[in-house]
Amino acid sequence: MTAPVRVRFAPSPTGTLHLGSARSALYNWLFARHAGAEGTYVLRIEDTDAARSTPENVEQALRVFRWLGLDWDEGPGVEGPHAPYFQSQRGDRYTAALDQLFASQDVYRCFCTKEELDAERAAAQAEKRPFVYSGRCRDLPVADAVARAEAGEAHVVRLRVPEGEVTVVHDVVVGDSEFENALLGDFVVARADGSPLYNFANVVDDAEMRITHVIRGNDHLSNTPRQVLLYRALGHDVPAFAHLPMVLGPDGAKLSKRRHHTSTVEQLALAGYAPEAVRNGLALVGWSKDGETTTMSTAELVEHFDLTRVKKSSAQMDYGILASINGDHLRAMEPVTWADGYAAWRDEWLPADDPHHEAARVVEPSVAARLVQEKCATWGEVPEYLGFLLEPFTMSEEASKRFAKTGDDGVRVLDHIIPVLEALPSFTLEALEAALRGAADDLELKPGKVFAPIRFAVTGRTIAPGLWESIHELGRDRSLERLRAGRERLVAAAAEAVEA
RNA sequence: GCCCCGUUCGUCUAGUGGCCUAGGACGCUGGCCUUUCACGCCGGUAGCACGGGUUCGAAUCCCGUACGGGGUACCA
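None of these values were measured; they are calculated from a predicted model. (Residues numbered from 1 in each chain as written. Chains lettered and ligands numbered in written order. Predicted model: local features only at pLDDT ≥ 70, side-chain atom pairs only at ≥ 80, totals over all residues. Heavy atoms only, no water.)

Draft legend 1. Molecular detail of the side chain of N28. Tracing the backbone through its elements, the reader meets N28 in helix α1 (residues 19-34). In this structure, N28 is in contact with V7, R8, Y41, H213 and I215, ignoring residues within four places of it in sequence. (Helix = DSSP H or I, 4+ residues; strand = E, 2+ residues; numbered from the N terminus. Contact = heavy atoms within 4.5 Å.)

Set out below in structure tokens:
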């Protein structure tokens, strides 16, 4: 049995969830679920930046997060024993914690101005010496400091960092890292306006929410000694840490929405990825079950996930692998499941002004499943396959070129097949396949030679479902209409070629 | 500058001193299958950053260098 585990994901709701954050959210979730009933997954919204944390952004963030399917046990909407779960509503907790630290004299008021500090910093830089706060205000008599503060003098609050010690961060992924307190300096925990800084608010929240494992990006590792110091000052147990390797863009640069088209979860949803596949693909960036297994259900992920198997080194995002995994998942689905997922994508994510909007709706999702489930790596590719069902008929440039190439044989084939289809007693898939294969025999041509002109005439595309499926779905009348028109076009093209 | 972390095929990764003439996946590529596009199957391609140690033996341990990343804020 596993010890009770409490983890959290604490996004700032700036509208988008990039893949690095999503992976952190996923690992926290997998870790909690792996612990079974003993595991709790908390979602806390870090909305202290009022300007960017609009209600719309929060809602947008939650929408994307729900799509990813990482259900939370405590947080917005479900609440829980440590509510509120919005940092913006927890101001009193930070004030109380700060009061506690004042009482124990673990923090002190610092009246140094920004200008003074900038000058110190510049001087340190010039001497190629690390900048550490001098501690000038550290030993101001408390009574004096309080008096100045009450007189309205601007000041920040700093932690009295124990001198001459080394703070060790124990990390499940990275191992132990040592940080000299002397290099940390007495860092700021609250601004002049009394608002808490990230490190402080974070520790207060995590401590009060009884978080046992802090699983987050490696970019927070350097902050961790400060946080450890804060836990101690507040008299709380220090949680276990797990710093995850960074997720970089495919080019090795930082992930950015600007440079990378699918750098956010929302973009993946839009592109027609399946949530289960994204969980699978993201889990494999920095972790592996055994180095062999790639396609895994979420249940398998939960069963096998292990923080100690997480890599230390950062990874570049490979969207090709993600797409491949998505294709595996899509193909493995029950057709009904596939159709439901497709419908959800089409109706909830495909923008109304998308050029594929119409094609995406030309048939029922269950029909789309029958036609193209086997062929698509993402639901976003489906409309392209279904486009041939749209009216009016159009022919792509590539198809047009290849159609013309079929030449006299093409005309022969069409002349042969049109009456055959007209006469077909029942227009079933089986009958169509038999008729088309029979045509190849009758004409004494290779199947490919026979099918090519028919395909181009009927679909006008180089990308479409299977031939008989396509014809069957189009129906007898429309298929024949297109075959006849195609024949005329082919004859005309041949004539033109002769003239030229 | 200083501090912390990292470095296995193009990419994601397996590998914790002998099972490694380094395994899997994606990609690329040759072939098969074949009704376009895909899928599937068979094969190929390519890697332990570099230099020193330690050891009978090192991708694995130690030191250094290079490179990459993160931090160094009254940002998160």
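Draft legend 2. View of the environment of A369. Along the chain, A369 turns up in helix α14 (residues 365-372). As a C-alpha pair, A369 and E180 span 189 residues in sequence and 60 Å in three-dimensional space. Not counting the four nearest positions on each side in its chain, A369 is found in contact with P335, W338 and A339.

Draft legend 3. Spotlight on the domain arrangement of chain A. Here chain A is partitioned into domain 1 (5-86 + 247-316), domain 2 (90-244), domain 3 (333-389) and domain 4 (397-499). The centre of domain 1, based on its C-alpha atoms, is set 49 Å off from the matching centre of domain 4. (Domains from an automatic or database assignment.)

Draft legend 4. Examining the protein's contact with RNA strand B more closely. What surrounds RNA strand B is a group of 60 residues, the closest being R191, G286, K375, R455 and W468. Considering RNA strand B, the proportion of its atoms within 4 Å of the protein that are sugar or phosphate atoms stands at 73%. Within the contact set of RNA strand B, a sugar or linking oxygen lies 3.1 Å away from a backbone nitrogen or oxygen of L284. R402 places a side-chain nitrogen or oxygen 3.4 Å from a sugar or linking oxygen of RNA strand B. Secondary structure elements with two or more residues in the surface near RNA strand B: β6 (175-180), β11 (315-316), α12 (319-332), α19 (447-459) and α20 (467-474). Across the surface near RNA strand B, the residue classes break down as 25 nonpolar, 15 polar and 20 charged. (Near = heavy atom within 4 Å. Polar contact = N/O pair within 3.5 Å; in protein donor to acceptor, adjacent residues only side chain to side chain. Nonpolar A, V, L, I, M, F, W, Y, C, P; charged D, E, K, R; others polar.)

Draft legend 5. How the structure looks around the packing of α19 against α20. Taken N-terminus to C-terminus, the directions of α19 and α20 make an angle of 35°; their axes are 10 Å apart at the nearest point. For α19 against α20, the interelement crossing comes out left-handed. Note on element contacts: α20 touches α19 through L467, W468, S470, I471 and L474, opposite F451, I454, R455, V458 and T459. Its residues placed into classes, the contact of α19 with α20 shows seven nonpolar, two polar and one charged. (Axes fitted to C-alpha atoms, helices over the stretch in contact; angles between N-to-C directions. Left-handed = near helix turned anticlockwise from the far one by under 90°.)

Draft legend 6. Focus on α14. Counting buried positions along α14 gives six out of eight residues, so the element sits mostly inside the fold. Taken together, the buried positions of α14 are P365, V367, A368, A369, L371 and V372. Its buried side turned inward, α14 meets α13 (335-348), α15 (382-386) and α20. (Buried < 20%, exposed > 50% of the residue type's maximum accessible area, 1.4 Å probe, protein only.)

Draft legend 7. The sheet that holds strand β7 (residues 188-190), seen in detail. Spatial strand order, β3-β4-β7: three strands in an open sheet with antiparallel pairing. Sheet topology places β3 (107-110) and β7 at the edges, where each strand pairs with a single neighbour. Looking at each pair of strands side by side, their axes are set apart by 45° on average, direction ignored. Across four bridges, the pairing between β3 and strand β4 (residues 156-159) is antiparallel. Counterpart to V107 in the pairing with β4 is L159. (Pairing = 2+ DSSP bridges.)

Draft legend 8. Here's a closer look at the confidence of the model for chain A. Residues of chain A with pLDDT of at least 70 account for 97%, and the chain-wide mean is 92. This complex was scored by the predictor with a pTM of 0.94 and an ipTM of 0.94. (pLDDT = per-residue confidence, 0-100.)

Draft legend 9. The pattern of salt bridges, seen in detail. As enumerated under the stated definition, the model contains 32 salt bridges in all. Among the ionic pairs, R90 bridges to E208, the shortest N-O distance being 3.4 Å. Taken together, the residues span a long stretch of sequence, with R90 in the loop between α2 (55-68) and α3 (91-103) and E208 in helix α7 (residues 198-208) at a distance of 118 residues. Classification of R90 as buried rests on a relative accessible area of 0%. For E208, a relative accessible area of 28% puts it in the partly exposed group. Residue R136 pairs with E116 through a salt bridge whose shortest N-O separation is 3.7 Å. Of this pair, R136 sits in the loop between α4 (114-126) and α5 (142-150) while E116 sits in helix α4, and the two are 20 residues apart along the sequence. Of the residues examined, E116 reaches a relative accessible area of 34% and is grouped as partly exposed. Look at the salt bridges and you will find they share partners, linking R8, R44, E46, R90, D92, R93, D205, D206 and E208 into a network. (Salt bridge = Lys/Arg side-chain N within 4 Å of Asp/Glu carboxyl O.)

Draft legend 10. Geometry of the packing of aromatic side chains. By the definition in use, this model includes nine aromatic pairs. When the ring of W338 is compared with that of W379, the centres are 6.5 Å apart and the planes differ by 75°; the resulting orientation is edge-to-face. Pair noted here: W338 is in helix α13 and W379 is in the loop between α14 and α15, with a separation of 41 residues, a long-range link. Pair check on accessibility: W338 and W379 agree, each one buried. Here the aromatic cluster, defined as three or more aromatic residues joined through ring pairs, consists of W338, Y342, W345 and W379. A cation over an aromatic ring shows up here: R23 above the ring of Y27, its NZ or CZ 5.0 Å from the ring centre. (Phe/Tyr/Trp six-rings, centres within 6.5 Å; stacked < 30°, edge-to-face > 60°. Lys NZ or Arg CZ within 6 Å of the ring centre and 35° of its normal.)

Draft legend 11. Broad picture of the packing of α1 against helix α10 (residues 275-283). Axis separation between α1 and α10 bottoms out at 10 Å; the angle between their running directions is 95°. Here α1 is positioned roughly perpendicular relative to α10, judged by the angle of their axes. Touching L19, A22, R23, L26, Y27 and L30 of α1 are R279, L282 and A283, all from α10. Here the contact of α1 with α10 is composed, by residue class, of seven nonpolar, no polar and two charged. (Parallel < 35°, antiparallel > 145°, perpendicular 65-115°, else oblique.)

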